Amino acid sequence: MKRLQVWMPLLFSLVLILGMFIGSALRQNVPGSRGIFNSGKRSVLQEVVDLVNLKYVDKVNTDTLTEEAIQVMLAHLDPHSVFIPASNVEEINEDLQGNFEGIGVEFFIIDDTVHVTNVLSDGPSDKAGLQVGDKFLKVGDSMVTGKAINGDKIKDFLRGVGGSKVEVTVLRNGKQIKASITRGTIPLYSVDAAYMIDTATGYIHLNKFSGTTYEEFMKAMETLQAKGMTKLIFDLRGNGGGILTEATDIVDEFLGNDRLIVYTQGNKQEKIEYHCKRPGLFETGKLVLLVDESSASASEVVAGALQDWDRATIIGRRTFGKGLVQEQYDLSDGSALRLTVARYYTPLGRNIQKPYNKGRDAYNDELAERFENGELVNGDTVTKHSGPAYKTKSGRIVYGGGGITPDIFIPFDTATFSSNVYVLFDNQLFSKFIYIYYQQNKSYFDQFKSPADFARRYSDTRTAWSNLVAYAGKNGVNVQNVPERDKVEIEKRIKTWLARQIWRMEGYYEVSNTDDAALAKAIAEMKKK
């Protein structure tokens, strides 16, 4: 009896292990087993899909049915929990990781021909000798001219595994030129522009928070500081967010000690705090943050932290109001689920998520309602704060719910075009004109050595307007007799888009900022003691 008592624990352990092994082996033979996500019981949804697949009178695509069922289910959650079909996952992941594999060109299809409109400096195509203005004739053995070619097809031809080669034939000045391009990693930059406005004031525009954003931001900051920057205008207008940790790392450069930047918490997720963890690169210089109604998510994390700690002056319009955190889960068929797992809170405890209890349609229409009720023009006089009020250390009042309200309001530019002018911006007609006009007058534009020089000296926009009228007319668009105010506005865009054609986004912002109300106000704030 004593011997049995000694061996009983070991015998029980062996039986338990054997049972686990047999159970695991049996489960592997059960259709639909999904590891830790498998409950051992088929869901009603799966039963219905299986019955439709087996018994329904007509042939149906059950994958499509399943996707639609998932979308309907998620519609009962928050607006930011979404299902991503397998066909879209790669593109979305590329944007978040900040790069993709390709040859490094931008292009337009004009008159059934693929034109190279920009070549990434020091990228694969640049190294292979491609130039702006080249026209693709062949990629590999495939002809890429004619009505059958479209943007998706040419992307499929040009993209591929890094290190692989693609042979191309282009037409340049009437001559066919062959080139061998070794595909490589093509960056999707987060920093659109970083330049000095004056001898002391730097400007940085950030379009998203991807896997390379913090690194790009630091390079820009170091470059500007080397040029004497002691004040910074940090532009997050139009920035819809991205990776939370990239945002917190950037905030860390503006705040000292171990200050709280943001914290997240959810029903199934414990509280996680993000604190400053290193000496910041710009903890004391004057700082202005530009935001608007399209600044969302991670952008609002930055704005909320800098506002709560009284570190920056916030200028612009109330931000989008997204205070939810998503995690992405890869699914077995290559699709993905981006699921809201927590809310985030600013250092003072604000959650700035706007209400979504009236459904997704109402949620998506909220920005349009701001315009209709006059908020985008009149600012705080009509703003209805849905959350509680908080007070910063300096005594300014800030609010939870419905986004970040700026310290200084800049009204939305309500100037609108007459209806026929909008057609210019359909099907890339205006941007194609800009490329063609630049190519036709390249020797003239070569005199401008920098965006600042171009902004200062280029003024012949009325000639460009006349050329645009002729080009539009050839494409069935009549803008001959538009109001003078439309001409003036389009001429401004001609100048900024030409700057983008020549110097990419850096040129666009440096030129457009010379006529920007929010930037002018920011510069005025910088001059205050």
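Everything discussed here concerns the structure shown above.
Please read all numbers here as calculations on a predicted model, not as lab measurements. (Residues numbered from 1 in each chain as written. Predicted model: local features only at pLDDT ≥ 70, side-chain atom pairs only at ≥ 80, totals over all residues. Heavy atoms only, no water.)

### So, the environment of I109
For I109, the location among the structural elements is in strand β3 (residues 105-110). On a C-alpha basis, the gap between I109 and M505 in space is 21 Å, while along the polypeptide they are 396 residues apart. When near neighbours in sequence (up to four residues on either side) are disregarded, I109 contacts V114, I149, N150, G151 and K432. (Helix = DSSP H or I, 4+ residues; strand = E, 2+ residues; numbered from the N terminus. Contact = heavy atoms within 4.5 Å.)

### Examining helix α9 (residues 298-308)
Among the eleven residues in α9, eleven count as buried, and that is most of the element. Positive backbone phi, at 55°, marks D310, one or two positions downstream of α9. (Buried < 20%, exposed > 50% of the residue type's maximum accessible area, 1.4 Å probe, protein only.)

### Section: the packing of helix α16 (residues 461-474) against helix α17 (residues 484-512)
Taken N-terminus to C-terminus, the directions of α16 and α17 make an angle of 105°; their axes are 9 Å apart at the nearest point. Relative to α17, the element α16 is oriented roughly perpendicular. Contacts between α16 and α17 pair T461, R462, A464, W465 and L468 from the former with E484, K487, I490, E491, I494 and K495 from the latter. Partitioned by chemical class, the residues of the contact of α16 with α17 number five nonpolar, one polar and five charged. (Axes fitted to C-alpha atoms, helices over the stretch in contact; angles between N-to-C directions. Parallel < 35°, antiparallel > 145°, perpendicular 65-115°, else oblique. Nonpolar A, V, L, I, M, F, W, Y, C, P; charged D, E, K, R; others polar.)

### So, the pairing of strand β13 (residues 260-265)
The buried count for β13 comes to five of six residues, which makes it a mostly enclosed element. Looking at chain direction, β13 and strand β14 (residues 272-275) are connected through four bridges and run antiparallel. When the bridges of β14 are listed, V262 appears paired with Y274. What sits between β13 and β14 in their antiparallel hairpin is a turn of six residues. With three bridges connecting them, β13 and strand β18 (residues 336-345) associate as antiparallel partners. Its bridge partner being in β18, Y263 is matched across the sheet by Y345. (Pairing = 2+ DSSP bridges.)

### Considering unusual backbone geometry
The backbone phi angle of N173 is positive, close to 50°, even though this residue is not glycine. Mapping N173 onto the fold places it in the loop between β7 (165-172) and β8 (175-182). Phi is positive for R504, which is not a glycine, with a value near 60°. Looking at the element boundaries, R504 is found in helix α17. The class of R504 is partly exposed, set by a relative accessible area of 31%.

### Some details on the nonpolar core
Ranked by internal contacts, the top residues of the largest apolar core, which has 42 residues, are I204, L232, F234, F254, L289, V302 and L306. With residues near it in sequence (within four places) discarded, V302 still touches F209, F234, L236, A247, V251 and L289. Core analysis: the second largest hydrophobic core is formed by 32 residues, L424, Y435, I436 and I490 among them. (Core = buried A, V, L, I, M, F, W, Y, C linked by side-chain atoms within 4.5 Å.)

### With respect to the pattern of salt bridges
Tallied over the full model, the rule gives 31 salt bridges. A salt bridge links D112 to K147; its shortest N-O distance comes to 3.6 Å. With D112 in the loop between β3 and β4 (113-119) and K147 in the loop between β6 (142-143) and α6 (151-158), the pair connects residues that are 35 residues apart, well separated along the chain. With relative accessibility at 30%, the residue D112 sits in the partly exposed group. Judged by its relative accessible area of 76%, K147 is exposed. A salt bridge links R457 to D453; the nearest nitrogen and oxygen atoms lie 2.7 Å apart. Of this pair, R457 and D453 both sit in helix α15 (residues 451-457), four residues apart, which is roughly one turn of that helix. Relative accessible area serves as the criterion here: at 40%, R457 is assigned to the partly exposed category. Taking the relative accessible area as the measure of exposure, D453 reaches 10% and is therefore buried. Connected via shared salt-bridge partners are D249, D252, E253, K277 and R278. (Salt bridge = Lys/Arg side-chain N within 4 Å of Asp/Glu carboxyl O.)

### Here we look at the pairing of strand β16 (residues 313-316)
Relative to β16, strand β15 (residues 286-291) runs parallel, the two sharing four bridges. Looking at β16, one finds that V291 is bridged to G316. Judged from the two bridges that link them, β16 and strand β21 (residues 408-409) form a sheet pairing that is parallel. Paired with G316 across the bridge in β21 is F409.

### What about the sheet that holds β15?
The six strands lie next to each other as β10-β11-β12-β15-β16-β21, forming an open sheet whose pairing is mixed. Either end of the sheet is taken by a strand with one partner, and the two such strands are β10 (191-196) and β21. Across five bridges, the pairing between β10 and strand β11 (residues 201-206) is antiparallel. Pairing of A194 across the sheet is with I204, part of β11.

### Section: the packing of helix α7 (residues 213-226) against helix α8 (residues 244-252)
Relative to each other, α7 and α8 sit at 25°, their axes nearing to 9 Å. Classified by the angle between their axes, α7 and α8 sit roughly parallel to one another. In the packing of α7 onto α8, the handedness of the crossing is right-handed. In contact with T213, Y214 and F217 of α7, α8 contributes E246, D249 and I250. The class makeup of the residues in the contact of α7 with α8 is three nonpolar, one polar and two charged. (Left-handed = near helix turned anticlockwise from the far one by under 90°.)

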